[in-house]
Amino acid sequence: MRLGTMLCDKRRQRVLMGSALTWGLLHATTAWAQPAAGAETAAPVDTADSPEEIIVTGVRRSNAKAIDTKLNTPGVTDVISADDAQALPDRTIVEALRRVPGLSVLPATDNEHPRDEAATPVIRGLGPAYNNVTIDGVPIASPGTPNGNLGSMGRGVRLDILPTSMISELQVTKTFTADLDPNAVGGAINLKTRSAFDNGGRPFFTAEGALGMANDHGQPRSQDPLGRRISGTGSMTFGPDHMFGVVVSANYQKLDSFTDTHMTTDTVHYDFYSSAGVLQKNNNLGNGIAVPQQDKYWYVEDSRQRVGATTKLEAQPTDTLYGFLTLGHYRFVDTMDRNEVILDPRNTGTVYNQTATSGSYPGGDVEVGYEHANIITTTNLAQAGLDWRPAANQVLSVRGDISRSTYREPLDMVKYMTGLSYPAPGSAGAITTNAAKPAYGFTYDTSQLNQQFAMAPSAYYNLSNYSGLYWRQGKRSADDDIKNTRADYRYNMGAKDQGLGFALGASFTDDRPDYNVWRNDWEPNNTAGSLLLVNAAGPAGAPMKYSNGLNLLTIDPAKAWAAFNANPSWFNLTDQSSFNNQDNFKHTEQTVGAYATVAYALDDFHAQVGLHNDSTDQDTISRAKISGAWTDLETSSSYDYLLPSALASYDITHDVDVRVGASQTIGRPSYDAYAARTSISFTNASDLGNPNATGVSVTIGNPNIKPRLSTNVDLAFDYKLPNEGGGLLSLALFNKDIKDEIFTASSIGYTYQGVTYSNAVVSTPQNASNASIRGVELNAIVNSLEWIHPWLRDFGVSGNWSFMQGELSVVQSSGATRTLSRLVGQPNQTRNVQVFYSDSDFEIRLAYNRQGKALRSIVPDIAWQDLYWAPREQLDLQASYKVRDSVTLFGEASNLTHSRLTSLVGPNQNLLKDSYSVPTVFWVGVRFTPDL
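What you see is a predicted model, and the numbers here were worked out from it, not measured in a lab. (Residues numbered from 1 in each chain as written. Predicted model: local features only at pLDDT ≥ 70, side-chain atom pairs only at ≥ 80, totals over all residues. Heavy atoms only, no water.)

## Considerations on the sheet that holds strand β21 (residues 452–455)
To summarise the sheet geometry, strands pair through backbone hydrogen bonds and adopt either a parallel or an antiparallel arrangement.
Move 1: Judged by pairing direction, the sheet is antiparallel, and its 3 strands sit side by side in the order β17-β20-β21 without closing on themselves. Each of the sheet's edge strands pairs with one partner strand only, and the pair in question is β17 (358–361) and β21. Neighbour-to-neighbour, the strand axes of this sheet turn through a mean angle of 25°, independent of strand direction.
Move 2: In terms of strand pairing, strand β20 (residues 442–445) meets β21 through 4 bridges, oriented antiparallel. Looking at the pairing, Tyr444 lines up with Phe453 of β21. (Pairing = 2+ DSSP bridges. Helix = DSSP H or I, 4+ residues; strand = E, 2+ residues; numbered from the N terminus. Axes fitted to C-alpha atoms, helices over the stretch in contact; angles between N-to-C directions.)

See below:
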């Protein structure tokens, strides 16, 4: 008997058991009426007490497959099948993951990129830097999530660039075992690809095409109204005795949309004043009335394209030998046009006529900006593996992996501003210190969450008062190269093996990320002729919803750059040497891992204990200004951890099992944290030397940063529901005590070259004194409500609720400790509910997701400046109808309620920091899955 046949028989037995339960995980909700990638054919439910059988198709088949994996995996694991990941309107893997109990998702969190798409998952309140991501068990390179604020890249795989079409299962492991990479304080996500030997090696093919549209598109400039999506996956076996197999998967998607954004400043956000209207600083809240520092509007237009291709070649020459080679190419292109208007009082030392919700400034200014960026992220991978079974209960596995991921963001920017004056020719920038003019004075209104600045339309629309501030070109680049090899030997460790077993393994990983950024900045001098917005204005008309009827002003970039190119002598090239050096780094991280596990299993009991040794050496080359010259500065560090783990499960009855786990894991710091650097960034070149400049950001590295060390305890119960309802109830409890927790500390004020910038925000990675998180996860799915009434046999419901309580102690500059009630990125709760109807031809489901309030960032010395993500809800709808045995029509709608993504700040965490719209997206299409 061949290995593939043995595996398929085991899978089929488990699926028969899962199908008899008609059950699956919460996130298992597919509308596919034909078998999808990796799906086995399941048997009907035993319905001796029912007048009709409940047929296991579509969502129920998907549930059965996912629950089978969950119940046959040690520890606490949740699974999303390929059917489920592709059936809901989740365009990427990270969006699909928010359906998992205890998981939430985050967008890019800087102040330069839009947030209408999720980029990274949060497992049990712990962000991407805490979690390990693999493809078929081996690591994948990633450039991290872009962060224009810190001018660098962070650790963590960007799952928004990987398509759902490449997987057969998404496996989320929440309890650590010794064979896993220990960089998994939150958990581990494994993307399992399809095998040609699945389903007994039968040929398989599915393809779909769809047209889509975002309800937010075409403002302020026209965009392609129709999105396009096409994907296909096929597999077959061939050769003598069908010993060879091939799987090919490809996808393409394009969608245009915009997000409108309303916010205050990027740094201090709000001012407080005395009863006499005099500006206060830091923790002095004066009369307690908050006044926003700016009123800022963005319209960010994105044209996003995703292209991916995966090829997996397999060979099974004997019953005991199996090998594979997987090649993958994934490319994500986001062509972004950002249009910006800022209403600014500029001189905020005194506020006038202040009440609890209003006041005025006698002067002000307006900035109008434009940025064009072409963000290109590419990931290439090659994986190979060999499994040899010298005996039925032994497996020797060898894996090798090479992957490379790149991030390129070439950009150009233009900005115009009122109240400018220009310096003499040379290298000085435009002068903004006296920009506040009486014509742009205004009253403000803070009676609602979204502040309103009432500026005179006659002054705002006078485009002859706007002069050119800067013309910029630059580029951000990030690369990550990973090489990994590992070998594992397992004796008597199979899912059905009993008695004593053990496993041994070793791995080596070489990880080499690097980051580079540069820009040129040209600003007009006093020889310049007319550089007015009236001669370079773009389309107007997009509403600024909270500005008393004002519309967005825009720039025509072609006209603006034509004026620059025609008159180069009118501009000074400012000194950007600090910007072009201070954030750049190269990092090398080499990790040797080794583990041993001993297990013992009976029919109703399984236990295993293990040790994992992690030994890591790293070198970082950063740039520092020494004796007036930028010089490479190298730092090195290393660490060793011996990490224990233990798991046990027991079937209390046929329907109830209990699982318990304990382990220690680590969380590696971000790559750039090790760089010995101090970087400072100014919004405008002329802000250098202005102690009251806003938008000044400082990043300081910490070569002595240590990994987190987490002690984890898990307890879980699973209850198989009776046949008449079918399903599973799950309860999981967890606690994590984290030593040397890492957070990005922020402080206000910084002295640079003899000038103290009072509004500068200084960011430094630090180890907190301690942190902990504990939580409860409840998961329930009922695939048929026939037990309530026979009329409800085709209806089902699923839901999960996770509650998390964290604690984080941070050290202030005075040496005192401040304790927060959650970790950075951790929501207090997540909820998912799905209701579906499914018969042999038609399926419809409604999915609800809620992420609770979450901590976004910390300012240790000034508690009211901590940022929080506001709670957010989303409602999605999907329906499909099988018109023929192989043809299914489907429709999808995501974010039906047009919910926004909002951040809050302030003493009571109820003041607006920023609010981003998230479009409602519609797709209609056809899926073709022939019975081969």
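Let's pick the thread back up.
## Quick look at empty space enclosed by the protein
Move 1: All told, the structure shown has 17 cavities of 30 Å³ or more when counted by the stated rule.
Move 2: Approximately 420 Å³ is the volume found for the second largest cavity.
Move 3: The wall of the second largest cavity is formed by 28 residues, among which Val105, Ala118, Gln851, Arg872 and Gln874 lie closest to the centre.
Move 4: Put simply, the parts of the chain that give the lining of the second largest cavity at least two residues each are β2 (103–106), β39 (842–851) and β42 (872–884).
Move 5: Taken together, the residues that form the lining of the second largest cavity break down as 12 nonpolar, 8 polar and 8 charged. (1 Å grid on protein atoms, 1.4 Å probe; cavity = no way out; pocket = protein on both sides within 12 Å on 5 of 7 lines; lining within 4 Å. Points joined across faces, edges and corners; volume = space filled by probe spheres on them. Nonpolar A, V, L, I, M, F, W, Y, C, P; charged D, E, K, R; others polar.)

## Brief notes about the environment of Arg490
Move 1: Tracing the chain through its elements places Arg490 in strand β22 (residues 466–491).
Move 2: Note: C-alpha distance between Arg490 and Gly501 (11 residues apart in sequence) is 7.7 Å.

## Examining the layout of surface pockets
Move 1: Considered as a void within the structure, the second largest pocket measures approximately 460 Å³ in volume.
Move 2: Lining the second largest pocket are 30 residues, with Leu279, Lys281, Thr348, Asn692 and Asn759 positioned closest to its centre.
Move 3: Those elements giving two or more residues to the lining of the second largest pocket turn out to be β13 (270–272) and β34 (755–767).
Move 4: With 3 residues, the top contributor of residues to the lining of the second largest pocket is β13.
Move 5: The class makeup of the residues in the lining of the second largest pocket is 9 nonpolar, 17 polar and 4 charged.

## Let's talk about unusual backbone geometry
Move 1: Along the chain, Gln219 connects to Pro220 via a cis peptide bond; the corresponding omega equals -5°.
Move 2: Within the element layout of this structure, Pro220 appears in the loop between β10 (204–214) and β11 (227–238).
Move 3: We note that Arg346 has phi near 65°; this positive angle belongs to a residue other than glycine.
Move 4: Looking at the element boundaries, Arg346 is found in the loop between β16 (321–344) and β17.
Move 5: Positive phi values are uncommon outside glycine, yet Gln909 reaches one of about 55°.
Move 6: Secondary-structure assignment places Gln909 in the loop between β44 (901–905) and β45 (911–916).

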